[in-house]
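Observations on chain architecture
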Amino acid sequence: MAAITSDGHAFTVDGRRIWLVSGTVRATSTPAAQWPALLAAAKQAGLNTVEVPLVWAHHEPAQGTFDFATDRDVAVFVAMADDADLRVVLRLGPFIGEGHDFGGLPAWMIPVCEGRVRSTHPEFLARVSALFTAYGQQLRKLQATGAFSSTGPIVGVQIEHEFFCEDDALGADYLGALFRFTREAGFNVPILTRNNHFASAEGAIDTWSGATDLHALTRQLRAVDDTNPRIVQGLLSGANDAWGHPPRSHREPNDVVRSIAEALSAGGQINLATFAPGLRTGFDGGRLEGAPDLFAASTPDASAAIQPSGERSDMYRAVRRITTFASSFERVFANLDPDQLPAMIAPSELAPTILDEHTGRAAPRRPSAGARLGAVHATGAQGQVVFVFAEHAAKGRLRTAILLPDGSDVPVEIGDLPVGWVLIDAHLGGRRRLDVCSLNAFALVGDVLVLFGPPGAESLISINGSSFEPTVPKGKTPLIETHEGVTVAIVNEEHIDTVLPLTDRVLFHVERVEFDGTVIGTSDAFALLRSGERADVEAESPKRAPSPPAIEAWSRAPLDGWADGTSDRYALIEGPSSLERLGAPQGYAWFRVRFKASATKRSKLTLDESADRASLFLDGEPIGVVGLGPGATVEVPARSIKKGERTLVALVDNLGRDAHGSDAAAPKGLFGHVYVPAPVKGTPALEEGDPIEPLEKFAPVFGLHTGDMTDARRLTWTVTHRRKSPLVLRVRDLPCSAVIVVNGEPIRLIEPHSARTVLLDSEALTRGKNVIQVAVVGDATEFEKPVREACMLYEGAESVTDGGQWAFGRWEMPDDRSFEEVAKSTLTGSKAAEFTGRPCWWRCAFTPRRTMRALYADLSGLSKGQLFLNGTNICRYFVQTAEREAVPPMVKYLLPGSLLKPGEANTLMLFDEHGFAPTKAKLTYAAP
């Protein structure tokens, strides 16, 4: 049985030191038919490892029912990774975050464990244990240790994800239980955590998650723990896009290259956390950090290296320049001296921008006066690397020289990249040693050494004591020269992206190699074999996409019976309820309440206990959208409610639970009554109270440390309330964590930038004087104004729905008989507007040709809803509000190629919340 061990720097697999150059690939968010191409692209990006998150909600959609078939068969994916010569790190969870609804946990878990997830709740731990056992049965035989009669590529597993809670007792108990479950499930490879040292499990290796200042942070990992490798397991390259927000401030590809270099230069192994995120299918997206209405869009990260369609982005082309180098010279990095950390100018001082790791917002950073270049020298038993970091504050190339230990200097030119690297004293195979190379080393394949640099740059290369000084070619033709038995191929940085190193050869003038071996490139493509011998290559030019398929006639299925409450599919329920308890934990649901209005009057309405968004209909007429996101209001504007029997219908949309934080299990749906609000007299004042330590009362609380306290000054309402009606504290977008205190008792924690309402009924209040307070973590004086703006206290003066008859209806796809064909003439001009107002379904057919191009549905002109292809729920879409205001970030939605049937009729189906007609909808192929 092979052994995997680690020391203070690297892992050793069966006696061989390895170095992880990895990227996160979300296998179960990508159709299985795309897995071979996806893994081929990962390998061609220079990775030697992929990290694979396991999404609990994907694998146990119903309690006790596990799904490891087709697109969920992660064992097949891991075996494919092995065939592609890629190692694997599994992220077992149970919580995996990264924009998934509920962080990847299944929503059926909420009532099972009373919402106490990521904790030591017995029912939660019991289900996690069963989950890990199921994972072990599928995957333990694929470990590199060969402990179960076979070997595979798995070299590590990660438990939990960004457990940023510094509650030592809870962390030790909870993470300790996960560690034990992992071992009991048969995983005997190293166990990682990614908690930034907030919490740890004995025996686990804690890794880092971040985007900037990675050189300093990687050094600090060594200072904190010198017994384990330094790993930046979450090197963030972008931010999840959100509905209603412009494409978020993604990092520039060159900034990510800089971050990779910073981590490598400090002896850190890396994992690109958003390498291939896949598509958020169905209702898979959750709420992100940074604002109350940041709900993950269907395309997780527009700057990801590999897009859901399989297209390779500018990020892909940029990072492969340095990841290919790190993988090719794995031996050098795996044998660096972990204690060789000299003083230097911090590379972060040369970075032109800084990035908030959670919000994705970038801000300029002023470098120190005169700082232009900085160098980091990393040394070890198998070679040395000098990383030269550039400020790049001005256009043009930067030139400098590196002084070697023997007193000689090496010229270095920095061009388009923000960093260059000089390789020293590196073994090239046989008796050949690279003494020094002033160009960026890219790849080593047999006797072929590929280098690149700025066009026209002068260089110094020495092998076995024999040096030569080539000039980097300015055109696309590489300079190839044999020196000391090594075939040196030099390419300029403008054309290095057309060089592809493989196991047995290096290809030039190519774009990629398909997983079936087809080379895509230009007519002058050629190869250098491992021996250095030149060989011809048959390359195919990228094929043009055919004309996009035409959409055939549209048909429509109206939902008037649902909107006016007359549908016989409604089932009576006792009263308001959460979607979790009604067995509809994701997506949409219908609520109907029939009530009797005692008199005709004009009133505002509030849905204080609902989430996240509700389209309301009074007696069949739309009266507004309440909740979060574009086009929604906090409450229903004042309107006349006539005396007599009335029917209120709410189409409730669960936009996704928190993908982070402490309150991810908050209920969804319409779980409270509809009220007429009334103001509470008086304004709040700052009053003194005893400081509260949130971790003692509400653990786990993420983002807080042991000892973090609330300010003694609290925003305070003193209210005399003798009625039985509730008081409601509405909190939107607090800038800090806060504790809600009622009559001296802490009752609720509010996380930063969330949207929460705290309804205080007769059980929480006294009949008379009540003191309601918001105690912030931090400086109350600093936060006073934003807290006042974020908090509103009012009375639920009258319950409109109390005593009414409640009913619930499942949101579902209509049958074929519900659809009626719509004449094309009615989908244009003013006639199309007749369809708007009430939700409906639209359906059409189209016949695509067979092509490698990605096909998209352009849904311009529609509103918000769901997109289905051949019966599969592809994703959520959001293009316009009911008032026809555009909603970013996207109007085109991928139709996965694996679900298309070329040459046959395919069915496209749309559910549109506001019934907008698909007058402008069309199909389009990806641009070449």
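These remarks concern the structure in this document. Being a predicted model, the structure only gives us computed values, none of them experimental.

**Quick notes on the environment of His-245**
Relative to the helices and strands, His-245 is located in the loop between strand 11 (230–235) and helix 8 (253–265). A residue is classified by how much of its surface remains accessible, and His-245, at 21% relative accessible area, is partly exposed. As for His-245 and Leu-294, which are separated by 49 residues in sequence, their C-alpha atoms are 7.8 Å apart. Not counting residues up to four positions away in its chain, the partners in contact with His-245 are Asp-293, Leu-294, Pro-888 and Pro-889.

**Some points on the sheet that holds strand 4 (residues 21–25)**
One open sheet holds the 9 strands; their spatial order is 9-8-7-6-5-4-12-11-10, and the pairing between them is parallel. Of all strands in the sheet, those with a lone pairing partner are strand 9 (205–206) and strand 10 (209–210), marking the two edges. As judged from the 4 bridges shared by strand 11 and strand 12 (residues 268–276), these two strands associate in the parallel manner. Each residue of the ladder has a partner; that of Leu-235, found in strand 12, is Leu-272.

**Concerning the sheet that holds strand 43 (residues 675–679)**
Sheets are built from strands paired through backbone hydrogen bonds, the pairs being either parallel or antiparallel. Reading across from one edge, 43-51-46-49 is the order of the 4 strands in this open sheet, with antiparallel pairing throughout. Each of the sheet's edge strands pairs with one partner strand only, and the pair in question is strand 43 and strand 49 (755–760). Within the sheet, the average angular offset between the axes of one strand and its neighbour, ignoring direction, is 35 degrees. With 5 bridges connecting them, strand 43 and strand 51 (residues 791–799) associate as antiparallel partners. Looking at strand 51, one finds that Tyr-675 is bridged to Ser-799. Each of strand 46 (727–732) and strand 51 touches helix 13 (residues 780–790); the most contacted strand, strand 51, lies at about 20 degrees to it.

**Points about unusual backbone geometry**
Glycine aside, the phi torsion of most residues is negative, and most peptide linkages are trans. A cis amide bond links Ala-699 to the next residue, Pro-700, at an omega of 0 degrees. One can find Pro-700 in the loop between helix 12 (694–698) and strand 45 (713–721). In this model, Asp-619 sits at a positive phi of 55 degrees, which is unusual for a non-glycine residue. Among the structural elements, Asp-619 can be located in the loop between strand 38 (613–618) and strand 39 (621–627).

Calculation notes
Residues numbered from 1 in each chain as written. Predicted model: local features only at pLDDT ≥ 70, side-chain atom pairs only at ≥ 80, totals over all residues. Heavy atoms only, no water. Helix = DSSP H or I, 4+ residues; strand = E, 2+ residues; numbered from the N terminus. Buried < 20%, exposed > 50% of the residue type's maximum accessible area, 1.4 Å probe, protein only. Contact = heavy atoms within 4.5 Å. Pairing = 2+ DSSP bridges. Axes fitted to C-alpha atoms, helices over the stretch in contact; angles between N-to-C directions.

Everything listed here is a matter of coordinates, which is why it stays silent on function.
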